[in-house]
Amino acid sequence: MTAQTAWTVASVRDALTSRKISARELADEYFSRIEKRNPELNAYLSLSKERAYEQAAKVDALAAKGEALPRLAGVPLAIKDVLSTRGTRTTCGSKILENYVPPYDGTAIVRLDAAGAIFLGKTNCDEFAMGSSNENSAYGPVQNPAAPGRVPGGSSGGSAAAVAADLAVVSLGTDTGGSIRQPGACCGIPAMMPTYGRVSRYGLIAFASSLDRIGPFGHTVRDVAEVLGLMAGPDANDSTCAGVPVPDYAAGLDAPIAGLRIGVPEEYFAAGLDAEVRRKVESGIALLEKLGCKRVPIHLKHTEFAIATYYIIATAEASSNLARYDGVRYGLRSEAATLIEMYRKTRQRGFGAEVKRRIMLGTYALSSGYYDAYYLRAQKVRTLLARDFAEAFERVDAIITPTSPTPPFKLGERTADPLQMYLADIYTVTGSLAGLPGISVPCGTTSERLPVGMQILGPHFSEGRVLQIAHNFERAGGFEL
Amino acid sequence: MKISREEVLRVAELAHLELTEAEAETYRGQLDSILEYIETLNRLDVSQVEPMAQMAYAHAAPAATPLRDDVARPCDVGEAILAQAPKVENPYFRVPKVIER
């Protein structure tokens, strides 16, 4: 679990400014921790030592000259292996990209590099970010440092585990249907998915383009806010990245939350929710009420249709996005006499079972004769789900739900039944489909000491308020409920 | 039964996947139960609902989808990109023969 003494963005900067430590020494410290613990956790797939020490040298040169340090100066960062990093292998957790080295950095990576971060390496994840337990990685599962023998959540399991085990101060994940928030909940740390269009997707290797987002994990809400603010904002390389100004999220955290109306949707506390998770989230809501928030019962009446909608839309987009892995331009190739045969053999050998399953489902949903019945219908239900939220946000400022219906399950427990695995995303896919920002914050542990996560959702581009609620919750002891 | 073995094989062909016998059977069963679950969407009347295809438009404000000027910029990454390809004949990707004659 996160130690009280863990480094934060602010404490790293203070220590560097006062010359108590150098960025190089801090990088040494983290690489030696990774060496010790990664064989057991499997959180990292590749390390980028050369780049990390180059970055550290730059920060140390600034500090030596007594110059002002950038906001993320010297902060050891882990990056999910679906984000393109120049010169560092990027596998997407797949055999098909086992030796792929991107020639460029994604926009979020460029911005965090400019902000002074130290890139430790690339973290394990479900293959092409498809999974809720990290068990779909071609490079083996990740252990949950907060709950041994349990899954770290997925698909950004490695990024969550790296921070939870303090093998990084902050990390980046991606969220398509819950892949940041759910591992954050499983590993007991704050984890945020921003609004769709808040952070550029340029350099994020696509799974489902209308859903994919990049977001941070940290030990504290303040660190999450710092990293998000530095990545956010318009980008000429992504036309879906919104031209909405980026406020200073960290500066707004301390404002009190008294008077805010928090919606509690009945549908998220119905059958299927683990009793202990319910109790913890209820205590979380009670704490927010103690801080002056007003609890408002609401309904999100199409919730029961969200998983079905999500698994049509996400797989349809994936089947199209993953058509590019054909052995021609990058990655694995299986030689064959004809082009089509080469495609088939390459994809058969390179993709794992879950990726193939989703490509099959998505191809089916888009195929002639089924498009209207599945894909078009799902897009229409997506409108209804988004409308539920729009109506709710006329009455409330934020919505509180459990992040996941159960505490982290045991490794291997759900791998045999794909549908069971999909249901782990029941409370997160809704915010994904509606494009909303959401954070998962820890709200204590079960009697077996398993982490429980509470989700805070807000209207589009309300990251500032969502983070402010999360920070007030943290400061009032909410993480240890 | 929502999906037959023949349909599974046809979808695999469309997706350029070469399934083994065992995989075809496993996927048939799994897709069948997933599709059955997805049938729950049929309980909704969506005849009067517009489809949501793109989040960016949902944000409504014109500022939300800015356009940049359409100008050429240098993009000197040809070599770096070819370096990642499994088979190259500079400056091309090399693939098996496509045209039979």
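We now turn to the structure provided with this report.

Basis of the calculations
- Residues numbered from 1 in each chain as written.
- Chains lettered and ligands numbered in written order.
- Predicted model: local features only at pLDDT ≥ 70, side-chain atom pairs only at ≥ 80, totals over all residues.
- Heavy atoms only, no water.
- Helix = DSSP H or I, 4+ residues; strand = E, 2+ residues; numbered from the N terminus.
- Rg over C-alpha atoms; globule rule 2.2 N^0.38 Å.
- Buried < 20%, exposed > 50% of the residue type's maximum accessible area, 1.4 Å probe, protein only.
- Contact = heavy atoms within 4.5 Å.
- Areas by Shrake-Rupley, 256 points an atom, 1.4 Å probe, with all protein chains shown as cover.
- Lys, Arg positive; Asp, Glu negative; His and termini not counted.
- Charge placed at Lys NZ, Arg CZ, Asp CG, Glu CD.
- Patch = residues over 30% accessible without salt bridge, like charges linked within 9 Å, V, L, I, M, F, W, Y side chains within 5 Å.
- Salt bridge = Lys/Arg side-chain N within 4 Å of Asp/Glu carboxyl O.
- Axes fitted to C-alpha atoms, helices over the stretch in contact; angles between N-to-C directions.
- Parallel < 35°, antiparallel > 145°, perpendicular 65-115°, else oblique.
- Nonpolar A, V, L, I, M, F, W, Y, C, P; charged D, E, K, R; others polar.
- Expected span 1.5 Å × (residues − 1).
- Arc of directions from axis to C-beta.
- Polar contact = N/O pair within 3.5 Å; in protein donor to acceptor, adjacent residues only side chain to side chain.
- Pairing = 2+ DSSP bridges.
- Right-handed = clockwise from strand over helix to strand, strands pointing away.
- Phe/Tyr/Trp six-rings, centres within 6.5 Å; stacked < 30°, edge-to-face > 60°.
- Lys NZ or Arg CZ within 6 Å of the ring centre and 35° of its normal.

Attention now goes to the overall build of chain A. Across its full length, chain A holds 15 helices and eleven strands. Computed over its C-alpha atoms, the radius of gyration of chain A comes to 21 Å, within 12% of the 23 Å expected for a compact globule of 481 residues. If you line up chain A on its principal axes, its C-alpha atoms span 65 × 55 × 45 Å. The proportion of buried residues among the 481 residues of chain A is 67%. If you take every contact in chain A between residues at least 6 apart in sequence, the share linking residues at least 24 apart comes to 76%. Carbon and sulfur atoms make up 51% of the accessible area of chain A, which totals about 15,100 Å². Distance between charge centres in chain A, computed from 52 positive and 50 negative side chains, equals 1 Å.

Together, Ile-81, Val-88 and Phe-93 of chain B make up an exposed nonpolar region whose accessible area comes to about 200 Å². Considering the arrangement of structural elements, one finds Phe-93 of chain B in strand β2 (residues 92-93).

With that settled, consider the packing of helix α9 (residues 306-321) of chain A against helix α11 (residues 353-366) of chain A. Helix-helix packing: each pair is described by the crossing angle between the helix axes and the interaxial distance. All names here are of chain A. In the contact formed by α9 and α11, the axes pass within 7 Å of each other and the chain directions differ by 100°. Considered as vectors, α9 and α11 are oriented roughly perpendicular to each other. Every residue of α11 that contacts α9 at Tyr-311, Ile-312, Thr-315, Ala-316 and Ser-319 is listed here: Arg-358, Ile-359, Leu-361, Gly-362, Thr-363, Ala-365 and Leu-366. Across the contact of α9 with α11, the residue classes break down as seven nonpolar, four polar and one charged.

Another point: helix α8 (residues 275-290) of chain A. Residues and elements named next belong to chain A. If you check α8, its first and last C-alpha atoms are 23 Å apart, about what 16 residues at 1.5 Å a residue would give, namely 22 Å. If you check which residues of α8 are buried, you get Val-277, Lys-280, Val-281, Gly-284, Ile-285, Leu-287 and Leu-288. On an axial view of α8, the arc spanned by its buried residues comes to 155°, and they lie on one face. In α8, the exposed residues that point more than 90 degrees away from the buried face are Arg-279 and Lys-290. For α8, the N-terminal capping position is held by Asp-274, with its side-chain oxygen 2.9 Å away from the main-chain nitrogen of Glu-276.

All names here are of chain A. Counting through the fold element by element, Gly-464 comes out in helix α15 (residues 463-475). On the accessibility criterion, Gly-464 (24% relative accessible area) is partly exposed. For the pair Gly-464 and Ala-250, spaced 214 residues apart in sequence, the C-alpha to C-alpha distance is 8.3 Å.

This next bit is on the pairing of strand β7 (residues 261-265) of chain A. Within a regular strand, the side chains alternate between the two sheet faces. Residues and elements named next belong to chain A. The buried count for β7 comes to four of five residues, which makes it a mostly enclosed element. With five bridges connecting them, β7 and strand β8 (residues 294-298) associate as parallel partners. Bridge pairing in β8 links Pro-265 to Ile-298. Each parallel crossover has a hand, and for β7 linked through α8 to β8 it is right-handed.

All names here are of chain A. One pass over the full model with this rule turns up 15 aromatic pairs over all chains. Note on Phe-128 and Phe-351: the rings are 6.0 Å apart at their centroids and 75° apart in plane angle, and the pair reads as edge-to-face. Taken together, the residues span a long stretch of sequence, with Phe-128 in the loop between β3 (118-123) and α5 (157-164) and Phe-351 in the loop between α10 (339-350) and α11 at a distance of 223 residues. Exposure class is identical for Phe-128 and Phe-351. Each is buried. Among the aromatic side chains, those forming a connected cluster through ring pairs are Tyr-100, Phe-128, Tyr-325, Tyr-330 and Phe-351. Residue placement shows Arg-89 over the ring face of Tyr-139; its charged tip is 5.7 Å from the ring centre. Positioned above the aromatic ring of Phe-409, the side-chain terminus of Arg-414 is 4.2 Å from the ring centre.

Nothing here speaks to function; it is geometry throughout.
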